[in-house]
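# Structure assessment
Take a look at the letters that make up each chain.
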Amino acid sequence: MTLPSVFISYSHKDEKEKETLLSHLDVLQQAGLIDLWSDDRIGAGRNWEQEINQAIGRARIAILLVTANFLTSDFILQQEVPALLKRRQSEGLIIFPVIAKACAWREVDWLAKMSVRPKNGKPVWGDGGSHVDEDLTVIAEEIAAIIQSSVSEDQLPAYVVKSHGVPEKSAEQEYQVLWQTQIPLKPQHLFASPDYVCLVTNKTLHFLSPTNGAPLLPPLTAIGNFSLTDYALTGGAVTPSGSLLLTLLPPHSPDKARLLALKLTRISTAQPANVSVQWIYKAPSSQLSSPIIDNKTAYLIQGGPELVALDLERGQVQRVIPLPTSYNLHQDCVSFAFATSYLCLALCDGIILALDPETGQIVATLYERPEGEQLSPLTTNGLRLFFGLSPDQKSASPSYVCALDVISGQEVWKFPMPPGPSGQHRSIEGQPLVVNKTLYVTGRNHYLHALVIDTGQELWHYEMPNRIKLGPVWTGTAVIAADQQGNLHALSATETDVTEFDVFLAHNSQDKPQVETIAGELKRRGLRPWLDKEQIPPGRWFQDIIQQAITQVKSAAIFIGPSGLGKWQALELRSFISQCVEADLPVIPVLLPGVNNIPEKLLFLKELNWVRFTHKVDDAEALDNLEWGITGKHPQRNL
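To keep things clear, this report deals only with the structure shown in the data block. Computed from a prediction, not measured in an experiment: that's the story for all the values here. (Residues numbered from 1 in each chain as written. Predicted model: local features only at pLDDT ≥ 70, side-chain atom pairs only at ≥ 80, totals over all residues. Heavy atoms only, no water.)

This part covers the pairing of strand β38 (residues 556-560). Burial runs high along β38: five of the five residues are buried. Side chains Ala556, Ile558 and Ile560 project from β38 onto one buried face, and the interleaved Ala557 and Phe559 project onto a second face that is buried too. The pairing of strand β36 (residues 503-506) with β38 spans three bridges and is classified as parallel. Paired with phenylalanine 504 across the strands is alanine 556, a residue of β38. Two elements, β38 and strand β39 (residues 587-591), share five bridges in a ladder whose sense is parallel. Bridged to isoleucine 558 within β39 is proline 589. (Buried < 20%, exposed > 50% of the residue type's maximum accessible area, 1.4 Å probe, protein only. Helix = DSSP H or I, 4+ residues; strand = E, 2+ residues; numbered from the N terminus. Pairing = 2+ DSSP bridges.)

Dropping the structure here:
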């Protein structure tokens, strides 16, 4: 088994202090707890910079030996520290800054924000070095405690049954059963990301591997000092970065509702997982909806009623928008979703409203259900809303999956849910799931259905052993549903789910914040942009992934900002120009605010019609023109 790697960052001027630190940590290495790495391990003739970067990439813990020498080293500050902080932010790398000698470390912004060792901030080699061994022993024991708290195989829940062998294929070869797992407890909520599957049972979180359904860590009823048993868990969502947001309502109405953001860290498949609290939002009242995610923001409906927008990184309130008081949205709102430029609310009386998300005012009534039928939660691909329409359980009428065009308010198609194996209830269960060109739907008929998103035609259906209770959810490679007995089944994607992007966003890294905003607006319009920050996982070679992505896109947008082209844009442009000739790919020059004309060195782009954002990147007219260039269809705004 690969041992957790501990990386030592230090100045060569502090060689003596580094050796003393290593002697204490070597006790852990001799005990088989860690793999200790410092640049002493770089052999002659090796590329030392490459070796250091690789060591940083596989480290689970990094120790910074902080002195004035450390804080004035160009290589440490320009190479090692940025790489370590990036992994800390994206992968949960544990960093131990050890204040070795007296220095002005509190004046260094990134360092002053960290928890240093010794905890009192006094230098290890202060007071004439009288307490060096004591301080380093405490640090070594703290690292050992972190490593030893890892989950071993025999600590995992015994009731989880893992499937093995060759995945089962359907007769039509349209899907594969990847794995099956049973947690024989009443399932309440199901969430998924590329890193985990989370099943909630009776205020307990079960984190499973998305690849085989095996447990990643023991069941959790508390995360740190935060106890889940003190609240009712009523909903949640997974963010693009993989954080899990959970809505928690208090048992007594005077108390405040919470939105809890959890981060699961897993350095590698050989290392244990860890769950930590990323942030907590405290609502002003006991009322709080399940969140939806749009771009970098989480939206919830809270007391008032009002729509609150939270920053996903820190949980800070970005804005609060009053909502109409003509409806009791806390009791009546089934779900809500963003589609085109509108906030769409589905109410339990069968009405779907379109609201202006900036003002909260009602723009239109998109849908009114037939009498006696119920709506399931909404989902959207940006241009259409998808929902279930179920009759009263005593009725013999079939249930339907409906597709609604947001712009016109017209029904696009309806799919009748077939009866189950023994004529069971046929109502829709849970929220439909959009994955590229496929819509997945579950029902009380025991079936998971895969439908063509444009027409509603059924591609296939898969029968679960019991009535489906939760799902479908998507891990990035598999669709998962859970039945009422706690059986989880993971199925592979259909051929229509092969990742394909509408537009590749080539840009200078200095323009990334503006391009990310534009990407978010395109997603609201039902388009799938390729953006390097979202599509390149940690540890993958940047250039190779971009070249692979170029073959999967339908068009390219070349963003030109005041700083000109980035070095990667030059690479992307050369490849795209070649492919445009061969495959007739549209290339759309996009001028960001502050740029009035295409630079002279890009004369070949002047032959193409360009899109210009004059003052701001959420300019509706410029976005319409960009969508037109990507799809070849001029967008209509009828509401």
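Across the sheet, four strands lie side by side as β16-β17-β18-β19; this open sheet has antiparallel pairing. Of all the strands in the sheet, the pair left with one neighbour each is β16 (292-294) and β19 (317-322). Strand after strand, the sheet turns through a mean of 25 degrees between neighbouring axes, direction not considered. (Axes fitted to C-alpha atoms, helices over the stretch in contact; angles between N-to-C directions.)

Our focus in this paragraph is the packing of helix α7 (residues 512-524) against helix α11 (residues 620-631). Two elements in contact, α7 and α11, have axes separated by 11 Å at closest approach and are oriented at 70 degrees. The angle between α7 and α11 falls in the class roughly perpendicular. Between α7 and α11 lies a crossing of right-handed hand. Along its contact with α7, which presents Ile518, Glu521 and Leu522, the element α11 presents Leu623, Leu626 and Ile630. Among the residues forming the contact of α7 with α11, the class breakdown is five nonpolar, no polar and one charged. (Parallel < 35°, antiparallel > 145°, perpendicular 65-115°, else oblique. Left-handed = near helix turned anticlockwise from the far one by under 90°. Contact = heavy atoms within 4.5 Å. Nonpolar A, V, L, I, M, F, W, Y, C, P; charged D, E, K, R; others polar.)

In this description, a pair of aromatic rings is defined by centroid distance and the angle of the planes. Throughout the structure, instances matching the rule amount to nine aromatic pairs. Ring geometry for tryptophan 48 against phenylalanine 75: centres 5.1 Å apart, planes inclined by 55 degrees, an arrangement best described as tilted. Here tryptophan 48, found in helix α2 (residues 48-58), pairs with phenylalanine 75, found in helix α3 (residues 74-91); they are 27 residues apart in sequence, far enough to count as distant. The exposure class of tryptophan 48 is partly exposed, given its relative accessible area of 46%. Aromatic side chains tyrosine 196 and phenylalanine 207 sit 5.4 Å apart centroid to centroid with 75 degrees between the ring planes, which places their arrangement in the edge-to-face category. Placement of tyrosine 196 in the loop between β7 (189-192) and β8 (197-201) and of phenylalanine 207 in strand β9 (residues 204-208) is noted, with a sequence separation of eleven residues between them. By relative accessible area, tyrosine 196 is classed as buried at 2%. (Phe/Tyr/Trp six-rings, centres within 6.5 Å; stacked < 30°, edge-to-face > 60°.)

An order of β37-β36-β38-β39-β40 is seen for the five strands of this open sheet, with the pairing classed as parallel. With partners counted over all chains shown, the strands left at the sheet margins are β37 (529-530) and β40 (611-612), one partner each. Those strands touched by α7 are β36, β37 and β38, and its axis lies near 165 degrees from that of β36.

Moving on, we come to the pairing of strand β32 (residues 458-463). Of the pairings in the sheet, the one linking strand β31 (residues 447-452) to β32 comprises five bridges and is antiparallel in character. Considered in β32, the bridge of alanine 450 is made with tryptophan 460. Linking two consecutive strands that pair antiparallel, namely β31 and β32, is a turn of five residues; a positive phi of about 80 degrees is found at glycine 456 within it.

For the rest of this paragraph, the subject is α2. Those residues of α2 that fall on the buried side of the exposure criterion are Glu51, Ile52, Ala55 and Ile56. Projection of α2 onto a plane perpendicular to its axis shows the buried side chains occupying an angular sector of 135 degrees, all on one side. Its buried side turned inward, α2 meets β1 (5-9), β2 (35-37), β3 (59-66) and α3. Its side-chain oxygen 3.2 Å from the backbone nitrogen of glutamate 49, asparagine 47 forms the N-cap of α2. (Arc of directions from axis to C-beta. Polar contact = N/O pair within 3.5 Å; in protein donor to acceptor, adjacent residues only side chain to side chain.)

Using the criterion set out here, one finds eleven salt bridges in the structure. The closest approach of N and O atoms between aspartate 502 and lysine 554, which form a salt bridge, is 3.5 Å. Taken together, the positions of aspartate 502 in the loop between β35 (487-492) and β36 and lysine 554 in the loop between α9 (542-550) and β38 put the pair 52 residues apart, joining distant regions of the chain. Each of Glu15, Lys18, Glu19 and Asp40 takes part in a single network of salt bridges with overlapping partners. (Salt bridge = Lys/Arg side-chain N within 4 Å of Asp/Glu carboxyl O.)

Turning next to the environment of valine 200. Its place among the elements puts valine 200 in strand β8. In this view, valine 200 contacts Lys186, Pro187, Gln188, His189, Phe191, Leu205 and Leu233; residues no more than four positions away in its chain are not counted.

With that settled, consider α11. Spanning twelve residues, α11 covers 16 Å between terminal C-alpha atoms, matching the ideal 16 Å at 1.5 Å per step. When we look at burial in α11, the residues that qualify are Ala622, Leu623, Asp624, Leu626, Glu627 and Ile630. Elements in contact with the buried residues of α11: β36, α7, β38, β39 and β40. In this structure aspartate 619 caps α11, since a side-chain oxygen of it lies 3.1 Å from the backbone nitrogen of glutamate 621. Among the residues trailing α11, glycine 632 stands out with phi positive, at a value near 80 degrees. (Expected span 1.5 Å × (residues − 1).)

With respect to the helices and strands, aspartate 511 occurs in the loop between β36 and α7. Although aspartate 511 is buried, it makes no salt bridge; lysine 512 carries the closest opposite charge, 9.9 Å away. With sequence-adjacent residues up to four places away left out, aspartate 511 is seen in contact with Gly561, Pro562, Gly564 and Leu592. (Lys, Arg positive; Asp, Glu negative; His and termini not counted.)

Now for the packing of α2 against α3. Across the interface, α2 lies against α3 with an axial gap of 9 Å and an inter-helix angle of 25 degrees. Taken as axis vectors, α2 and α3 run roughly parallel relative to one another. Read as a crossing pair, α2 and α3 show a hand that is right-handed. Here Trp48, Glu49, Ile52, Ile56, Gly57 and Arg58 of α2 lie close against α3, whose contacting residues are Phe75, Gln79, Glu80, Ala83, Leu84 and Arg87. For the contact of α2 with α3, the per-class residue count stands at six nonpolar, two polar and four charged.

Along the chain, serine 335 falls in strand β20 (residues 333-339). Among the polar contacts listed, one links the side chain of serine 335 to the backbone nitrogen of leucine 378, at a separation of 2.6 Å. Every residue in contact with serine 335, bar those within four places of it in the chain, is listed here: Cys344, Leu345, Ala346, Pro377 and Leu378.

What follows deals with the environment of valine 434. Position of valine 434 among the secondary structure elements: in strand β29 (residues 433-435). Among the residues examined, valine 434 registers a relative accessible area of 22% and is labelled partly exposed. Between the C-alpha atoms of valine 434 and valine 473, which are 39 residues apart in sequence, the distance is 9.4 Å. Discounting residues that sit within four places of it in the chain, valine 434 has contacts with Thr379, Thr380, Asn381, Phe386, Leu439 and Ile453.

Note that the residue after arginine 117, namely proline 118, is joined by a cis bond; omega there is -10 degrees. Here proline 118 is to be found in the loop between α4 (109-112) and α5 (132-148). The linkage connecting glycine 471 with the following residue, proline 472, adopts the cis geometry, with an omega of 5 degrees. Residue asparagine 436 is not a glycine yet carries a positive backbone phi of 55 degrees. Inspection of the secondary structure puts asparagine 436 in the loop between β29 and β30 (438-442). With relative accessibility at 26%, the residue asparagine 436 sits in the partly exposed group.

Geometry only, nothing functional implied.
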